[in-house]
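Observations on chain architecture
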Amino acid sequence: KILNMKKIHPLTIQRIENTFNLLESDKSKINKVFENLQFFKNNQLLHPKYIANWENILQLPLKDIKEKLLANNDEGELLRTTSIFIGLK
């Protein structure tokens, strides 16, 4: 059931594209994403169900993770609002 469909802002799309271009160009940067997830988990910054969801999603290939983040549906919106892709340089 789709609850609240809003168009994804172009800047959000560009940010996600840039993040995944960076991850594709340097696979070691995914380690920071796992560190972020562990930090969020240790400090209870995300509900345990979101942590578990991200743990499952991070098992997917990068292209599938990106596709989920860019999905214009409830899951995509939830992933974008609980994103663990911060601090990548």
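**Concerning the environment of Lys66**
Note that Lys66 resides in helix 4 (residues 62-70). For Lys66, a relative accessible area of 23% corresponds to the partly exposed category. C-alpha of Lys66 to C-alpha of Gln14: the two residues are 52 residues apart in sequence and 12 Å apart in space. Beyond its immediate sequence surroundings of up to four residues, Lys66 is in contact with Ile16, Glu17 and Phe20.

**Some details on the side chain of Ser83**
Position of Ser83 among the secondary structure elements: in the segment after helix 5 (74-81). A distance of 3.2 Å separates a polar side-chain atom of Ser83 from the backbone nitrogen of Phe85.

Parameters and conventions
- Residues numbered from 1 in each chain as written.
- Predicted model: local features only at pLDDT ≥ 70, side-chain atom pairs only at ≥ 80, totals over all residues.
- Heavy atoms only, no water.
- Helix = DSSP H or I, 4+ residues; strand = E, 2+ residues; numbered from the N terminus.
- Buried < 20%, exposed > 50% of the residue type's maximum accessible area, 1.4 Å probe, protein only.
- Contact = heavy atoms within 4.5 Å.
- Polar contact = N/O pair within 3.5 Å; in protein donor to acceptor, adjacent residues only side chain to side chain.

Structural measurements only, silent on function.
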